[in-house]
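Here is what each chain is made of, one letter per residue.
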Amino acid sequence: MVFRTMLLCYDGTREGHTALQQGAELASACGAFVHLLAVVRTSATSIVGESLSTDAPFAEQTRHIEEILHEGVTQLNERGIKARGHVAVGEPIDEIARAAKTLQVDLIVLGHRTQSAFARWWRGSVGVTLLDLSECSILVCIANPPAPETGP
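Only a predicted model underlies this, so the values are computations on that prediction, with no experimental measurement involved. (Residues numbered from 1 in each chain as written. Predicted model: local features only at pLDDT ≥ 70, side-chain atom pairs only at ≥ 80, totals over all residues. Heavy atoms only, no water.)

(A) Summary view of the pattern of salt bridges. Applying the stated criterion across every chain, the model contains three salt bridges. Arg41 is paired through a salt bridge with Glu91; the nearest N and O atoms lie 3.0 Å apart. With Arg41 in the loop between strand S2 (33-40) and helix H2 (44-52) and Glu91 in the loop between strand S3 (83-89) and helix H4 (92-103), this residue pair connects regions lying 50 residues apart in the sequence. A salt bridge links Arg98 to Glu95, with the nearest nitrogen and oxygen atoms 3.0 Å apart. In this pair, Arg98 and Glu95 both sit in helix H4, three residues apart, roughly one turn of the helix. (Salt bridge = Lys/Arg side-chain N within 4 Å of Asp/Glu carboxyl O. Helix = DSSP H or I, 4+ residues; strand = E, 2+ residues; numbered from the N terminus.)

(B) Layout of unusual backbone geometry. Phi at Gln104 is positive, roughly 50°, even though this residue is not glycine. Looking at the element boundaries, Gln104 is found in the loop between H4 and strand S4 (107-111).

(C) Quick look at the packing of helix H1 (residues 14-30) against helix H3 (residues 57-78). In contact at an axis separation of 11 Å, H1 and H3 are set at 25° when each is read in the N-to-C sense. Between H1 and H3, the interaxial angle falls into the category roughly parallel. Along this stretch, H1 crosses H3, giving a crossing that reads as right-handed. Together, His17, Leu20, Gln21 and Ala24 of H1 and Glu71, Gly72, Gln75 and Leu76 of H3 make up the contact between the two elements. Classifying every residue of the contact of H1 with H3 gives three nonpolar, four polar and one charged. (Axes fitted to C-alpha atoms, helices over the stretch in contact; angles between N-to-C directions. Parallel < 35°, antiparallel > 145°, perpendicular 65-115°, else oblique. Left-handed = near helix turned anticlockwise from the far one by under 90°. Contact = heavy atoms within 4.5 Å. Nonpolar A, V, L, I, M, F, W, Y, C, P; charged D, E, K, R; others polar.)

(D) Inspection of the sheet that holds strand S5 (residues 137-141) at higher detail. Here we have five strands laid out as an open sheet, ordered S3-S2-S1-S4-S5, and parallel in their pairing. Bordering the open sheet on either side are S3 and S5, each of which pairs with just one other strand. Sheet twist, expressed as the average angle between the axes of neighbouring strands with direction ignored, equals 25°. Direction of pairing for strand S1 (residues 5-9) relative to S4: parallel, over a ladder of three bridges. Looking across to S4, one finds that Leu7 is bridged to Ile108. Lying on the sheet, H1 is in contact with S1, S2, S4 and S5; it crosses S1 at an angle near 165°. (Pairing = 2+ DSSP bridges.)

(E) Seen up close, the environment of Arg98. Assessed through its relative accessible area of 47%, Arg98 is described here as partly exposed. The spacing of Arg98 and Leu133 is 35 residues in sequence and 8.7 Å in space, taken between C-alpha atoms. One polar contact links Arg98 to Glu95, side chain to side chain, over a distance of 3.0 Å. (Buried < 20%, exposed > 50% of the residue type's maximum accessible area, 1.4 Å probe, protein only. Polar contact = N/O pair within 3.5 Å; in protein donor to acceptor, adjacent residues only side chain to side chain.)

(F) Main features of the nonpolar core. By size, the foremost hydrophobic cluster in this structure holds 24 residues, and its most contacted members are Met6, Leu8, Val34, Leu36, Leu76 and Val109. Counting residues per element, the ones that place at least two in this core are S1, H1, S2, H3 and S4. Counting residues per element, this core draws most heavily on H3, which supplies six residues. The residues contacting Leu36, other than those within four sequence positions of it, are Leu8, Tyr10, Leu20, Leu69, Gly72, Val73, Leu76, Arg84, Gly85 and His86. By size, the runner-up hydrophobic cluster in this structure holds 14 residues, among which are Cys9, Val39, Ala99 and Leu110. (Core = buried A, V, L, I, M, F, W, Y, C linked by side-chain atoms within 4.5 Å.)

What follows is the structure in structure tokens.
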């Protein structure tokens, strides 16, 4: 199958950079258009805190995410890949699934973050939830662990 439109999830983390690099290689090979998505995670307490606070941490977080997104779009464009950035606000799992459906993408690309069994149970697994919510294929990119140092 040839992927024509991809949703690449990018947050500036090590896992996000892995997804960006692997997704860029695939997009280049397929000639795909890339929608780069960054999600500003929210919770009821952060939104209430934002409305009562003058230092606006939510606004700072949003600006930071927009900068990361711009960095990712620039990297893709420099590789000759047509890309457009999108910022979503909410829970990442929900926003990724919503964007994939709205943008009618053929593939979702995201990085994998290893988590403990307890954390997976408590928060759920992004991959499994996206599998349940998604109407397209999903590529989960795994970062290669750093090579062990060799002594003299």
